[in-house]
Amino acid sequence: MLDFKTRKEVDAVLDTTHLIGKAFINGNFVDAVSGETFDNVSPRDGKVLNQVASCDSPDVDLAVGAARKVFEAGTWSDMEPKERKKVMLRFAQAFADNAAELAVLETIDMGKPIAESTGFDVGAVYECLQWYAEWCDKVYDEIAPSGPNSLGMITREAIGVVGAVTPWNFPMLMSMWKVAPALAAGNSVILKPAEQSPLTALRIAELAAEAGVPDGVFNVLPGFGPTAGQSIGMHMDIDALVFTGSGEIGKKFLQYSGQSNMKRVWLECGGKTPFIVFNDCKDIGEAAETVTNSMFFNQGEVCVAPSRLIVENGIRNEFMSEVRAAASKISAGDPLNPDTKMGAMVDENQMNRVLDYIKIGENEGAEITTGGNRANLNIGGYYIEPTIFEGVRNDMRIAQEEIFGPVLSVIDVTDVDEAVRTANDSQFGLAASVWTKDLSKAHQVSRKLRSGSVWVNCFDGGDITMPFGGYKQSGNGRDRSAHALDKYTELKSTWMEL
Ligand code: ADP
């Protein structure tokens, strides 16, 4: 596994890294048609890293034109599955060969600790690329159970041109969860990374081209939501739109679809994960470490962050002293240092948004027992202390709204029914975690939770083989696993009289 031991090793990679600032359309790096660029700022010190092309509808038109043309030519969409697999595997290998550079780019662009970029993100992206590469020639279509005089074939076909609009919290991984299955199924893709973190997507597009992904098949358009993002959402010649981000913008994509060509829209719009600890939890120390490390992982900028800790009364005091002790070992620091456990918030807006929520929680009457302040003013970036609110009621805004920062809300409950009711009393339904040594209780509670994933006696369990996505306003459709292919294919029924 890739692992930087010293800051010197990190800086050596940084020194040789080239920051790409152009759009990638039809196999070429180009300026935006308007010539406009924006400042790409690093959250670690607030300084400008580079200028990046600011794409808008003329650029989207160019990319979609190229994507459609190559789709219709069949260069990729009709390539022999085993040949497409070979290209995808080369792409995965090119990614792995450049993992150190990509990890450093991810860290300087969005502020996550380098140890997380190397220890989690690059490995997960590589696994995803490889897994969908192998899918190309492994999955069969269906023959319907018809009588001897007819033949019913149920086949999957690539949907065409896919637009992917992605967030800044796991820029590579959230993008590749969409791009890899879309490409494996034979589609052409237009990816718009978040404006806060465009660097890795652009470098990955270059690697894909070097690996043999044909021109026009994978395009990357950096730019802002209301310009590039909206133009993709409204485009009449994009067949499907996949999105991870806020519910507010997810709803806009549903509207864009209704106002344009009824493109299929698949959304992952965050969560407010309940982490439920019952009195009969078998290892309080492990549960406390897990909720704390998971909450402050990636600065809390994680859609499944266990931001509602629901604890049954009998163990509450003992459990919370373990959580506070675990949190005291975590502090925000320069994300390029290999021993940093929590990095910088992605930008000034996000930092201020989280600080506002901390004020809201205090005004609502919850008690801050850890953190609550901005940190590291000397570095110049956007840092916040790990923060814990206790005495939270589930109807408070800090328990209902997605903060997307290092803020844990602790809610006390008296029994199993109240725990389940509280967990489900949310507009979200992305994930939940349950801690008990009673197997029957674990099963019964898991079934009652209205949530796309349930993790029992663990957190964020599963890998690329398991679907990921949400109930309710956490979205629709699933990333990961073979189920993700549903989003990138149409189902055709062909009936023949024999
Ligand atoms: P966050 O609030 O966490 O930044 P957003 O939902 O605003 O999340 O952003 C996720 C993605 O959606 C980003 O790529 C962003 O540029 C894009 N986006 C933001 N606003 C719009 C919009 N009005 N139309 C289309 N895309 C948008």
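Residues numbered from 1 in each chain as written. Predicted model: local features only at pLDDT ≥ 70, side-chain atom pairs only at ≥ 80, totals over all residues. Heavy atoms only, no water.

Asker: Can you help me understand the domain arrangement of the protein chain in this one?
Answerer: In many analyses, interface size is given as the accessible surface area lost on bringing the parts together. Looking at the protein chain, the domain boundaries give domain 1 (7-269 + 475-495) and domain 2 (274-463). The straight-line distance from the C-alpha centre of domain 1 to that of domain 2 is 30 Å. On the side of domain 2, 31 residues touch domain 1, which itself brings 27 residues to the contact. For the domain 1 face of the interface with domain 2, the top three residues by lost area are R7, R44 and W168, together amounting to 23%. Between domain 1 and domain 2 we count 14 residue pairs in polar contact (both at pLDDT 80 or more) in total. Elements with a contribution of two residues or more to the side of domain 1 that touches domain 2: α1 (7-16), α4 (99-110) and α5 (114-135). (Domains from an automatic or database assignment. Contact = heavy atoms within 4.5 Å. Buried area = accessible area lost by both parts, 1.4 Å probe. Polar contact = N/O pair within 3.5 Å; in protein donor to acceptor, adjacent residues only side chain to side chain. Helix = DSSP H or I, 4+ residues; strand = E, 2+ residues; numbered from the N terminus.)

Asker: What's the story with the sheet that holds strand β5 (residues 142-143) in this structure? I'm lost.
Answerer: Remark on secondary structure: sheet strands pair via backbone hydrogen bonds, oriented parallel or antiparallel. Strand order in the open sheet formed by three strands is β5-β6-β23, and the pairing between neighbours is antiparallel. The open sheet has two free edges, formed respectively by β5 and β23 (489-497), since each of these has just one partner strand. (Pairing = 2+ DSSP bridges.)

Asker: When you look at the site of the ligand in this model, what are you seeing that I'm missing?
Answerer: Surrounding the ligand, one finds 18 residues, the nearest of these being T166, K192, E195, S246 and Y256. Contact between the ligand and T166: an oxygen atom at 2.8 Å from a main-chain N or O atom of the residue. In the model, an oxygen atom of the ligand is placed 2.8 Å from a nitrogen or oxygen of the K192 side chain. In the complex, the protein chains occlude 82% of the 550 Å² of accessible area that the ligand would expose alone. Comparing atom positions with the cavity grids shows the ligand to sit within the largest pocket. Mapped by element, the contributors of at least two residues to the shell around the ligand are α8 (225-234), β10 (240-244) and α9 (247-259). For the shell around the ligand, the per-class residue count stands at eight nonpolar, seven polar and three charged. (Near = heavy atom within 4 Å. Areas by Shrake-Rupley, 256 points an atom, 1.4 Å probe, with all protein chains shown as cover. 1 Å grid on protein atoms, 1.4 Å probe; cavity = no way out; pocket = protein on both sides within 12 Å on 5 of 7 lines; lining within 4 Å. Sits in = over half its atoms within 2 Å of the grid points. Nonpolar A, V, L, I, M, F, W, Y, C, P; charged D, E, K, R; others polar.)

Asker: Which parts of the structure should I look at to understand a negative patch on the surface?
Answerer: On the surface, D283, E286, E318 and E322 cluster together into a patch of negative charge. Position of D283 among the secondary structure elements: in the loop between β12 (274-277) and α10 (284-296). Judged by its relative accessible area of 35%, D283 falls in the partly exposed class. (Patch = residues over 30% accessible without salt bridge, like charges linked within 9 Å, V, L, I, M, F, W, Y side chains within 5 Å. Salt bridge = Lys/Arg side-chain N within 4 Å of Asp/Glu carboxyl O. Lys, Arg positive; Asp, Glu negative; His and termini not counted. Charge placed at Lys NZ, Arg CZ, Asp CG, Glu CD. Buried < 20%, exposed > 50% of the residue type's maximum accessible area, 1.4 Å probe, protein only.)

Asker: Sorry if this is basic, but what is going on with the sheet that holds strand β14 (residues 367-370) here?
Answerer: Spatially, the seven strands line up as an open sheet ordered β14-β17-β18-β13-β12-β20-β21, and their pairing is mixed. At either end of the open sheet lies a strand with only one pairing partner, and these are β14 and β21 (453-456). Going from strand to strand, the sheet's axes swing by 25° on average, the running direction of each strand aside. Where β14 lies against strand β17 (residues 387-390), three bridges are found, and the strand directions are antiparallel. Residue pairing for β17: I368 is matched across the bridge by F389. Where helix α14 (residues 416-424) meets the sheet, its contacts fall on β12, β13 (308-312) and β18 (407-413), and the angle it forms with β13 comes to roughly 170°. (Axes fitted to C-alpha atoms, helices over the stretch in contact; angles between N-to-C directions.)

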